[in-house]
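Understanding the architecture of this molecule
Okay, here's what each chain looks like letter by letter:
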Amino acid sequence: MKCHLFLLHCLLLTCHQLCVWCFPKGCFASPQLTVFCTNRRDPTFPRGFPEDIKGLHLFENGISSISVEDLSGLGQLELLDLSQNSISELPAQVFHLLVQLRNLDLSGNKIEEITNGTFTGLRWLERLYLFNNHIKTIQAGAFDGLHHLLELKLYNNQFVVLPTLHMPSLLLLDICYTPTLYLRDPSFHMYNLETLNLTRVNLSTLDEKALMNLENLHTLDISYSHLNRIPLSLRTMEGLVTLVLAGNPLIGELKEEDFKGLRRLQKLDISKMNLKTLPEGLFKCLPKLEVLIAAGNPFNCICSLVWFPMWLQNGKVDLQKPEETRCHFPPLNARKILSQVDHHDFGCPTTTTQVTTTIQTSTTKKVPTIRVPPTQPPVGSSTIKEHSPVAEFLPITPFQSVTTSPEVRICPQSICLNGGTCQLDSMGQIECTCRRGFSGLYCENDETPVVVSTPSLEKEAAITAGHTTSTSIEVNLHHYVQVRPNLKGIRLTYRNLSGPDKRPMQLSIPASYPQYTLRGLCANSTYYICASPLGESESKDSCCMEAQTAVSRYPSPVTQTKKAPETTMVVSVLAAVLVAIVAMAVTFYCLRKKRAKGHPDLGADPMELEGVKTCMESEALPKKAPEISNGHNGLEFEVPLMQKHGHINNNVSGLKSSYF
């Protein structure tokens, strides 16, 4: 009898967890106090949620407006996803009751204006997504008070002026695909900013002072932005690791002083810049350069560029997209892969050789000095047009004349890859006949299926650490995902072994991520990082590693999560928490003894910070529309807080991992 009374008391206290009728129609909850509302086509905001839920997902619900009353009673909410609805207006102080909110996703709506009072009260907000809206106006103080914001994404909108941003904690700012934007002097006051994306922003009138105060910047993308010169402010960004200049043909030829001061640069993208040559010594001031992309340029493969393939062979730089980095001139080298052009094909003048012959006559006579060719002319070039670029570099022996004849077009050597055969079609155009298993214009695509042997699965399944900074660690998950084809999601657990707080932090990410960057970490600290299948025990099929962040050159590193002042009351309520735990344990014990039916498992834990909703094991969740794809330069955009992507990767088919 006592057991029944105690059970009834516990059920009354926790009805919001144990009763399905506590949630509005069309909504269901996971065991982690996260509510999903799906398949709703109601323009009104649903009501009737328990007061202690932590996450609320209302994407694609057809909601047209929100009010302060809609959010009343949700003061414990930490994640709110209102993306891809029809919201056109945000009333002033509409979110001021959500004092614990950390993640707010308003992407994919019809919002036109952000006022000074829109985000009032969100003092602990860490991630704010406003991309893919119709924003035309952002008032000067719209983001004031968001002192703990780590990520701000405003891309693909229509605003003209970006107000001066005073955000000391911001790590990522994405305002790409905003061709109407004009950056004022100065626009940024964010000394901790690590990533700035200005792709397809018109920077033809860029003020040099607009990019000041960004000494801690690690990644800068200013591709396809109508630049007519290399910004001088780049020389002050000593910590820059990745620089993308692709798609700016108005800059002209590059000079060695353009990259002066970038001694930490590891990746440089200068593709599609209409470059015809690269001056020797261009990369001398980049001692840590590891990756270079120079595809899509009309290079003149003549003697002035002969140093480049030799530098690639002797150095440690990886030239990406080599099959797209080809010669354009002269005709002898046209369409050849630049890194594979032979030294003698660059047409450099040969060393003059003195030839002396003694003739047995009454006197000794010297034969005049002549130029001796080191090798025979290339096949098919015995008849060369007079005054052609090739004929200019070929030696001429005495009594030899150059005759003119109609130009005969032949297939350039080595233009077809992987054993392909070059031939001319009926129009005189070059085409490659590929061997079985290869395809493409130059037979560059290998379609042979890759077979993974079982003995090496354990080695390939490990996770590794990639690029690290003082506040971030890149986790490589490619092999971990590759050997698990049925993986629905990855639970990433990490904790700081060097700090006083060693409690683990958990993130849930899609299985389509081969790379993931942990941001907002402590500098000069060792982190223990583990990956395990989402929805299963962490000890089952998990891989772990240790990685260390770099020493920070700047004060006050930003932490991943901020604790509210209310957490100082933990000690005073510890006894109450212990009593609640015991009560819940007895409750479930009694339920099991009575063979009561519990709630079904509604899915795995969604992202606690970023909330990727398609990592859930429930297949009933709808997919969110993909974000704009940036396929031109390999630096692409991140997914919303909660979204399923077919292929999110890092420099695989021109995509890149998300920042969360």
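Residues numbered from 1 in each chain as written. Predicted model: local features only at pLDDT ≥ 70, side-chain atom pairs only at ≥ 80, totals over all residues. Heavy atoms only, no water.

**Things to note about the overall build of the protein chain**
Helix and strand content of the protein chain: 6 helices and 31 strands. Evaluated residue by residue, the protein chain yields a buried proportion of 47% over its 660 residues. The contacts of the protein chain with a sequence gap of at least 6 include a subset with a gap of at least 24, amounting to 53%. Summed over all atoms, the accessible surface of the protein chain reaches about 32500 Å², with 56% contributed by carbon and sulfur. (Helix = DSSP H or I, 4+ residues; strand = E, 2+ residues; numbered from the N terminus. Buried < 20%, exposed > 50% of the residue type's maximum accessible area, 1.4 Å probe, protein only. Contact = heavy atoms within 4.5 Å. Areas by Shrake-Rupley, 256 points an atom, 1.4 Å probe, with all protein chains shown as cover.)

**A closer look at the state of the cysteines**
According to the stated counting rule, one finds 4 disulfides in the structure shown. Disulfide pairing places C27 opposite C37 at an S-S distance of 2.0 Å. Between C27 and C37 the disulfide shows an S-S torsion of about 105°. By sign, it is right-handed. Pair noted here: C27 is in strand β1 (residues 27–30) and C37 is in strand β2 (residues 34–37), with a separation of 10 residues, a long-range link. Taking the relative accessible area as the measure of exposure, C37 reaches 0% and is therefore buried. There is a disulfide in this structure between C301 and C327, and the S-S distance comes to 1.9 Å. Every disulfide takes its handedness from the sign of the S-S torsion; for C301 and C327 that torsion is -90°, giving left-handed. Placement of the pair is C301 in the loop between β18 (299–300) and α3 (307–314) and C327 in strand β20 (residues 327–329), with a sequence separation of 26 residues. The same class applies to C301 as to C327, namely buried. (Disulfide = S-S within 2.5 Å.)

**Notes on the nonpolar core**
Side chains that are nonpolar tend, in soluble globular proteins, to be buried together. Counting residues in each nonpolar core, the largest one holds 100 residues, and the members touching the most others are F95, F119, F143 and L268. Of all the elements in the fold, those that place two or more residues in this core are β1, β2 and α3. The element that contributes the greatest number of residues to this core is α3, accounting for 3 residues. In this structure, L268 is in contact with L243, L245, F259, F283, L286, L289, V291, L292 and I293, ignoring residues within four places of it in sequence. Counting 23 residues, the second-largest nonpolar core is a separate cluster that includes V481, L487, I490 and L521. (Core = buried A, V, L, I, M, F, W, Y, C linked by side-chain atoms within 4.5 Å.)

**Description of the sheet that holds strand β31 (residues 543–548)**
Each strand in a sheet pairs with another by means of backbone hydrogen bonds, the pair being arranged parallel or else antiparallel. Reading across the sheet, the 4 strands line up as β28-β27-β30-β31 and stay open at both edges, with antiparallel pairing between neighbours. One side of each edge strand has no neighbouring strand; the edge strands of this open sheet are β28 (505–510) and β31. If you compare each strand with its neighbour and ignore which way they point, the axes differ by 25° on average. Two elements, strand β30 (residues 526–533) and β31, share 6 bridges in a ladder whose sense is antiparallel. Across the sheet, the residue bridging to Y527 is A547, located in β31. (Pairing = 2+ DSSP bridges. Axes fitted to C-alpha atoms, helices over the stretch in contact; angles between N-to-C directions.)

**Description of the confidence of the model for the protein chain**
Reading fine detail from the predicted coordinates is not recommended where pLDDT is low. Scored by pLDDT, the protein chain has a mean of 74; 66% of the residues are at 70 or more. Confidence drops under a pLDDT of 50 for residues 556–572, and excluding neighbours within four residues, the segment shows 38 contacts in the predicted structure. Taken as a whole, residues 642–660 scores under 50 in pLDDT and shows 83 contacts with residues more than four places along the chain or in a different chain. (pLDDT = per-residue confidence, 0-100.)

**A short note on the sheet that holds strand β29 (residues 515–519)**
On the basis of which strands lie adjacent, the open sheet formed by 3 strands has the order β25-β26-β29 and antiparallel pairing. Strands at the two margins of the open sheet, each flanked by one partner only, are β25 (464–468) and β29. On average, each strand axis in the sheet is inclined to that of its neighbour by 30°, with strand direction left out of account. When β25 meets strand β26 (residues 472–476), the two strands line up antiparallel, connected through 3 bridges. Paired with A465 across the bridge in β26 is V475.

**Some points on the pairing of β26**
Within β26, 5 of the 5 residues are buried, which leaves the element mostly enclosed by the surrounding structure. Neither face of β26 is open: one carries S472, E474 and N476, the other I473 and V475, and all of them are buried. Hairpin remark: β25 followed by β26, antiparallel, with 3 residues in the connecting loop. Of the strand pairs in this sheet, β26 and β29 are connected by 5 bridges, and their pairing is antiparallel. Looking at the pairing, E474 lines up with T517 of β29.

**Section: the pattern of salt bridges**
Scanning the model with the defined rule gives 7 salt bridges in all. Across the salt bridge formed by E126 and R102, the nearest N and O atoms sit 3.8 Å from each other. Within this pair, whereas E126 is found in the loop between β6 (113–114) and β7 (127–129), its partner R102 is found in the loop between β4 (79–81) and β5 (103–105), the two being separated by 24 residues in sequence. By relative accessible area, which is 1% here, E126 ends up buried. The salt bridge partner of R127 is E151, with a shortest N-O separation of 3.7 Å. Placement of R127 in strand β7 and of E151 in strand β9 (residues 151–153) is noted, with a sequence separation of 24 residues between them. Residue classification places R127 among the buried positions, given a relative accessible area of 1%. Because the salt bridges share partners, they merge into one network encompassing R102, E126, R127 and E151. (Salt bridge = Lys/Arg side-chain N within 4 Å of Asp/Glu carboxyl O.)

**Quick word on a nonpolar patch on the surface**
Residues V160, V161 and Y182 make up a contiguous nonpolar surface patch of about 240 Å² in total accessible area. Tracing the chain through its elements places V161 in the loop between β9 and β10 (165–166). Under the relative-accessibility criterion, V161 is labelled partly exposed at 33%. (Patch = residues over 30% accessible without salt bridge, like charges linked within 9 Å, V, L, I, M, F, W, Y side chains within 5 Å.)

**Here's the deal with unusual backbone geometry**
In the segment running from F329 into P330, the intervening peptide bond is cis, with an omega of 0°. Here E60, not a glycine, exhibits a phi torsion of approximately 55°, which is positive. Structurally, the position occupied by E60 is in the loop between β3 (55–57) and β4. Positioned with a positive phi, Q84 is a non-glycine residue whose angle comes to about 55°. Turning to its location among the elements, Q84 is positioned in the loop between β4 and β5.

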